[in-house]
Amino acid sequence: PGVHYDEILAAVAAEVVAWNGRSGEWQALRKHAHDNPTGQARVERTGKDSWAQVTDFPTSEGGVVTLVTDVSQIKRVEEQLNKQTLLLTSLLDSITDLIFYKDRHGIYIGCNPAFCDFVGRKRETIVGKTDFDIFPEDIARFFQESDRMMMEAQVERRNEEWVPYPDGRLVLLETLKSPIRVGDSIEGLVGISRDITERHQAESLLRAESSRLATLIQSMEGGVLVEDDRRRVHLVNRVFLRLFDIL
């Protein structure tokens, strides 16, 4: 207040900000910004917290042109995105299903711990790789062909596949792959795989038991009719049908 523009031009920079009682703020700002590779520093004031981008341009005469830009809004958006990313990562990491996502070139850009266990690698050794860098060639070709069909159709695709774990276990995975859309273009895919080995085994056992029961009923000398809870025919042998002249 009360300072003329000509006085500012003739003064040392540190003295100029000192006139307004903010010399310490200016010095701290420049130090923190220069120590930070991004050139950014937090500016704390009473009742206000902001960020500034400080960039120095040396002149041919030995001076310095300093550009100070308020980037507070950008930093707030970045902080909000970081919080959302952390929340999403925590959510994905807590899911026991295998989750992975790739870019449109088939390169892994992320996955959850369950997928890392399946692959037998740490996340940082998966990201940036393709299926051929991680799996045997026949499995990698199957995965990439499934990816290609989904990307061409541009709709989600579900399939089942027997795949080996690093410990030698062979498991049946049910995989749902969906396109990642950015505007009108597809930039990659996200996949969710679930181990359905036990369900498959239970279904196979049930089919085998049903087949044995049907064989037993057909071999019986008396007529047999089996109804469900809605009184619909579930099983019937030929003897029963002949007794009632149905066949």
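Residues numbered from 1 in each chain as written. Predicted model: local features only at pLDDT ≥ 70, side-chain atom pairs only at ≥ 80, totals over all residues. Heavy atoms only, no water.

**Overview of the packing of aromatic side chains**
Tallied over the entire structure, the rule returns eight aromatic pairs. The interplanar angle of 40° and the centroid separation of 5.2 Å between the aromatic rings of Phe100 and Phe115 together place this pair among those described as tilted. Of this pair, Phe100 sits in strand β4 (residues 98-103) while Phe115 sits in helix α5 (residues 113-119), placing them 15 residues apart in sequence. Taken as a pair, Phe100 and Phe115 share a single burial class, namely buried. Joined through ring pairs, the aromatic side chains of Phe100, Tyr108, Phe115, Phe118, Phe135, Phe142 and Phe143 make up one cluster. (Phe/Tyr/Trp six-rings, centres within 6.5 Å; stacked < 30°, edge-to-face > 60°. Helix = DSSP H or I, 4+ residues; strand = E, 2+ residues; numbered from the N terminus. Buried < 20%, exposed > 50% of the residue type's maximum accessible area, 1.4 Å probe, protein only.)

**Section: the sheet that holds strand β8 (residues 185-195)**
Spatially, five strands are ordered β5-β4-β8-β7-β6 in an open sheet, and the strand pairing comes out antiparallel. On the outer flanks of this sheet lie β5 (108-111) and β6 (157-164), each paired with one strand and no other. In this sheet, neighbouring strand axes are inclined to one another by 25° on average, regardless of whether the strands run parallel or antiparallel. One ladder, built from ten bridges, connects strand β7 (residues 170-182) with β8; its direction is antiparallel. Across the sheet, the residue bridging to Val182 is Ser185, located in β8. The strands that helix α7 (residues 137-153) touches are β4, β6, β7 and β8; relative to β6, the one it contacts most, it runs at about 175°. The strands touched by helix α8 (residues 197-219) within the sheet are β6, β7 and β8, with β7 carrying the most contacts at an inclination of about 125°. (Pairing = 2+ DSSP bridges. Axes fitted to C-alpha atoms, helices over the stretch in contact; angles between N-to-C directions. Contact = heavy atoms within 4.5 Å.)

**Observations regarding the nonpolar core**
In this structure, Phe115, Phe118, Ile126 and Phe135 are the most contacted members of the largest nonpolar core, which totals 21 residues. At the level of elements, β4, β5, α5, α7 and β7 are the ones that each hand at least two residues to this core. Ranked by residue count, the leading element in this core is α5, at five residues. With near-sequence residues (within four places) excluded, Phe135 lies in contact with Tyr108, Phe115, Phe118, Val119, Ala140 and Phe143. (Core = buried A, V, L, I, M, F, W, Y, C linked by side-chain atoms within 4.5 Å.)

**Considerations on the side chain of Asn237**
Tracing the chain through its elements places Asn237 in the loop between β10 (233-236) and α9 (238-243). Separated by 3.1 Å, the side chain of Asn237 and the backbone oxygen of Ile217 make a polar contact. Setting aside residues no more than four positions away along its own chain, Asn237 makes contact with Ile217, Gln218, Met220, Gly222, Gly223 and Val224. (Polar contact = N/O pair within 3.5 Å; in protein donor to acceptor, adjacent residues only side chain to side chain.)

**Remarks on the pattern of salt bridges**
Under the criterion given, the structure shown has 15 salt bridges. In this structure, the salt-bridge partner of Arg123 is Asp93, at a minimum N-O distance of 3.3 Å. With Arg123 in the loop between α5 and α6 (131-134) and Asp93 in helix α4 (residues 72-93), the pair connects residues that are 30 residues apart, well separated along the chain. On the basis of relative accessibility, which here comes to 29%, the residue Asp93 falls in the partly exposed class. Asp97 is paired through a salt bridge with Arg194; the nearest N and O atoms lie 2.7 Å apart. With Asp97 in the loop between α4 and β4 and Arg194 in strand β8, this pair connects stretches of sequence that are 97 residues apart. Exposure remark for Arg194: the relative accessible area of 46% places this residue in the partly exposed category. Through salt bridges with shared partners, a single network forms among Lys102, Asp131, Asp147 and Lys177. (Salt bridge = Lys/Arg side-chain N within 4 Å of Asp/Glu carboxyl O.)

**Brief notes about the side chain of Asp97**
Under the relative-accessibility criterion, Asp97 is labelled buried at 13%. Polar contacts involving the side chain of Asp97 include one to the side chain of Arg194, which spans 2.7 Å. Apart from residues lying up to four places away in sequence, Asp97 is in contact with Asn112, Ala114, Ile192, Ser193 and Arg194.

**Comments concerning α4**
If you check α4, its first and last C-alpha atoms are 31 Å apart, about what 22 residues at 1.5 Å a residue would give, namely 32 Å. Inspection of α4 places Ser72, Lys75 and Leu92 among the buried residues, and these make up the whole buried set. Seen from one end, α4 has its buried residues packed into an arc of 170°, which puts them on one side. Summarising the geometry of α4, the exposed residues directed more than 90 degrees from the buried face are Gln73 and Leu87. (Expected span 1.5 Å × (residues − 1). Arc of directions from axis to C-beta.)

**Observations regarding a nonpolar patch on the surface**
Judged by side-chain polarity, Leu243, Phe244, Ile246 and Leu247 come together as a nonpolar surface patch covering roughly 480 Å² of accessible area. Take Phe244: it is sitting in the segment after α9. Using a relative accessible area of 52% as the deciding quantity, one classes Phe244 as exposed. (Patch = residues over 30% accessible without salt bridge, like charges linked within 9 Å, V, L, I, M, F, W, Y side chains within 5 Å. Areas by Shrake-Rupley, 256 points an atom, 1.4 Å probe, with all protein chains shown as cover.)

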